Amino acid sequence: MIDKLTEIKNEEERIRQCGGAKAIEAQHKKGRLTARERIAKLIDPKTEFFELGLYAAYEMYEEWGGAPAAGTITGLARVSGRRVMIIANDATVKAGAFFPMTAKKVIRAQNIAIENHIPTIYLVDSAGVFLPLQEDVFPDADDFGRVFRNNAVMSAMGIPQITAIMGMCVAGGAYLPVMCDKILMTEGSGLFLAGPALVQAAIGQKTSAEELGGAQMHAQISGTIDFREPDDDACIKRMRALLDKIGHPARAPFDHKPAAPPKHPGDEIYGIFSADAGKQYDMREIIARIVDQSEFEEYRPEYGQTLLCGYARIGGWSVGIVANQKKSVTIAAPGTGDKRIEFGGVIYTESADKAARFILDCNQNLVPLIFLHDVNGFMVGKEAEWSGIIRAGAKMVNAVANSVVPKIAVICGGSFGAGHYAMCGKAYDPRFIFAWPTARYAVMGGDAAAGTLVEIKIKQLEREGKKLSDAEKKELYETTRATYEHQTDPRYAAARLWVDAIIDPARTREALIEALELAALNPHVAEFKTGVLQT
């Protein structure tokens, strides 16, 4: 665990170097701060910036020189005492241009803001769409245009949005600031649908960037911006003053009491948790290092024991916890003495039934849900099918899919197959989804997947008249397994925004408290309905 965590943290520091020293120097020569410098000055002193999507585009776009953090920085912070979402273009990475993953990262941040009613600040410094990849940035439902659609939707919902143009803001990207509630702009910045060169090519008109779309022009002539600021520092000071004066909407109806720390320190998780699929550990011990006073009111503890369900508080917030139990258990039938073993990390029919009922109860009683993943999948085999495993699994998935209370997922270890879905995977709208460095998820585990893929490949080659030696089969297996293992690494998932952040296991409690505090900003809870349940 420590080795993996160290590797992740070292990688994060490399990503935070952004476009590198030369690009940072070029930004400073323009009299501008970098995106990270702007954020550091914007947020409240002695508070932390909880970054989301740091690994976006990791190991992607290498033919174009890469795009660290997808050329944009997103995360949560306090500004003038308010919890806000910050979305900042990083001009040190390809002049802040939008790669395909850049658009998706901004949209994910906006969706989090929408779901949780989080005021949002945009720090704009972007050359617009990265033209060599425009076909993957421009047209689809989750591409560039969705950013502006979200601006309009957020404004209609009453979610405050403040934009500061602190560099270039051109082409379609020019709509983002103008669709927000308040617009600030620094001297030397540019806001226009087409830059001087394109204007001359299109209509033959010669003009300077300042005359075409400078801060003075937009403040005095077009009336597009609300505040003209001399530099980044003044702009940041003005944003803080504006945030300080917005109103306070109603909060959510979730129960909250004063927080109490766990009885056991969080860093003990390192010694309890095991990422080895063949080893067992007690998930209750993990929970005891996350919840207030280490108190966990377990629901039906003797039934469906490979899935733990129960009530607790985290940071004072009432929560329902659904967690995979990695200890195998022996079940003895009363009277007959017949025994059977249930394997840890596997969801059985009884486990799914229990979880579905528990999730329904949490929705009925307005209790947010926390899912802790370390799941191999649902049980298979004749006995499982006879017991109605598909029916029970469908009921659990239905309950998760239709939940109206906030859902937050943490992938601790494995999260495979339909077990990933039932435990509120990305497709089931968790407000936040975090991963530990030990997280692994895919359709199936590496060994099983490699064995299956190799068997298919061997049969294909045999149909073509080729026969592999044992050594060649072993080499094919190892190569296939290595590729598959790479794709199940949490950094691979984070690069594609399948998880919002890779977190230190010892700080799981802090991440969950942050998520719960933000979820409570949205006072609206929809009516709970499930439709037809497989009972």
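Coordinates for the structure precede this section.
First things first, this report covers the structure right here in the doc. Note that the structure is a prediction, hence the values are computed from the model and not measured.

1. Some remarks on the pairing of strand S15 (residues 369-375)
At step 1: S15 sits mainly inside the fold: 7 of its 7 residues count as buried.
At step 2: Bridge count for strand S11 (residues 317-324) against S15 is 4 bridges, and the pairing is parallel. Bridge assignment links Ala323 to a residue of S15, and that residue is Leu372.
At step 3: In the sheet, S15 pairs with strand S17 (residues 407-416) via 6 bridges, with the strands oriented parallel. Bridged to Val375 within S17 is Ser415.

2. A look at the environment of Arg340
At step 1: Its place among the elements puts Arg340 in strand S13 (residues 339-342).
At step 2: Owing to a relative accessible area of 37%, Arg340 belongs among the partly exposed residues under this scheme.
At step 3: Separated by 10 residues in sequence, Arg340 and Thr330 have C-alpha atoms that sit 5.7 Å apart.
At step 4: For Arg340, the contacting residues outside a window of four places in its chain are Val329, Thr330, Ile331, Tyr348 and Glu350.
At step 5: Within the structure, the side chain of Arg340 is placed 2.9 Å from the side chain of Glu342, a separation counted as a polar contact.

3. A short note on the pattern of salt bridges
At step 1: In total, this model carries 34 salt bridges according to the counting rule given.
At step 2: Residues Asp232 and Arg38 are paired through a salt bridge, measuring 2.9 Å at the closest nitrogen-oxygen approach. Remark: Arg38 occurs in helix H3 (residues 35-42) and Asp232 occurs in helix H10 (residues 232-243); sequence separation between them is 194 residues.
At step 3: In this structure Arg38 comes out as buried when scored by relative accessible area, which is 1%.
At step 4: Linking Glu298 and Arg284 is a salt bridge whose minimum nitrogen-to-oxygen distance equals 2.8 Å. With Glu298 in strand S9 (residues 297-298) and Arg284 in helix H12 (residues 283-287), the pair connects residues that are 14 residues apart, well separated along the chain.
At step 5: On the basis of relative accessible area, Glu298 is assigned to the partly exposed category, the value being 22%.
At step 6: Residue classification places Arg284 among the partly exposed positions, given a relative accessible area of 30%.
At step 7: Here the salt bridges share partners, and the residues they tie into one network are Glu12, Glu13, Arg16, Arg36 and Glu51.

4. A look at a nonpolar patch on the surface
At step 1: Residues Tyr175, Met179 and Leu193 make up a contiguous nonpolar surface patch of about 290 Å² in total accessible area.
At step 2: Position of Tyr175 relative to the elements: it lies in helix H6 (residues 175-178).
At step 3: Judged by relative accessible area, which is 46%, Tyr175 ranks as partly exposed.

5. Looking at the packing of aromatic side chains
At step 1: For the coordinates displayed, the defined rule picks out 15 aromatic pairs.
At step 2: Relative to Trp436, the ring of Phe273 lies with its centre 5.2 Å away and its plane at 80°, an arrangement referred to as edge-to-face. Of this pair, Phe273 sits in the loop between helix H11 (269-272) and H12 while Trp436 sits in the loop between strand S18 (432-435) and strand S19 (440-442), and the two are 163 residues apart along the sequence. Taken as a pair, Phe273 and Trp436 share a single burial class, namely buried.
At step 3: When the centroid spacing of 6.0 Å and the interplanar angle of 40° are considered together, the rings of Tyr421 and Tyr428 count as tilted.
At step 4: Tyr421 gets classed as partly exposed once you look at its relative accessible area, which sits at 42%.
At step 5: Three or more aromatic residues link up through ring pairs in this structure, and these residues are Tyr61, Trp64, Phe99 and Phe130.

6. What to know about the environment of Asp244
At step 1: Along the polypeptide, Asp244 turns up in the loop between H10 and H11.
At step 2: Overall, Asp244 belongs to the partly exposed group, its relative accessible area being 44%.
At step 3: Taking C-alpha positions, Asp244 is 5.3 Å from Ser80, a pair spaced 164 residues apart along the chain.

7. As for the side chain of Asn363
At step 1: Positionally, Asn363 belongs in helix H13 (residues 349-364).
At step 2: At 2.7 Å, the side chain of Asn363 and the backbone nitrogen of Val404 are in polar contact.
At step 3: Setting aside its immediate chain neighbours within four residues, Asn363 contacts Leu369, Ser403, Val404, Val405 and Phe528.

Calculation notes
- Once a new chain begins, its residue numbering starts again from 1 and follows that chain's sequence as written.
- Restriction of local features to residues with pLDDT of at least 70 applies here, the model being predicted, together with a cutoff of 80 or more for giving and counting side-chain atom pairs; totals for whole chains, interfaces and linings are based on all residues.
- Heavy atoms from the whole structure form the basis of all side-chain values; hydrogens and water molecules are not counted.
- Relative accessibility decides the category of a residue: with a 1.4 Å probe and only protein chains considered, values under 20% of the type maximum give buried, values over 50% give exposed, and everything between is partly exposed.
- Under the DSSP-based scheme used, a helix requires at least four consecutive residues in state H or I and a strand at least two consecutive residues in state E, with every element numbered from the N terminus.
- Between any two strands, pairing holds if DSSP finds at least two bridges.
- What makes two residues a contact is simply this: any of their non-hydrogen atoms within 4.5 Å.
- Counted as a polar contact is a pair of N or O atoms within 3.5 Å, where, for protein atoms, one must be capable of donating a hydrogen and the other of accepting one, and residues adjacent in sequence contribute only when both atoms are in side chains.
- By salt bridge we mean one thing: a side-chain nitrogen of Lys or Arg within 4 Å of a carboxyl oxygen of Asp or Glu.
- Residues enter patches when they are more than 30% accessible in relative terms and free of salt bridges; like-charged ones are connected within 9 Å and nonpolar ones (Val, Leu, Ile, Met, Phe, Trp, Tyr) within 5 Å.
- Residue-level accessible areas treat just the shown protein chains as cover; the underlying method is Shrake-Rupley with a 1.4 Å probe.
- Think of it this way: a Phe, Tyr or Trp ring, Trp meaning its six-membered ring, pairs with another when their centres are within 6.5 Å, and the plane angle makes it stacked under 30 degrees, edge-to-face over 60, tilted otherwise.

Shape is all these values report; function is a separate question.
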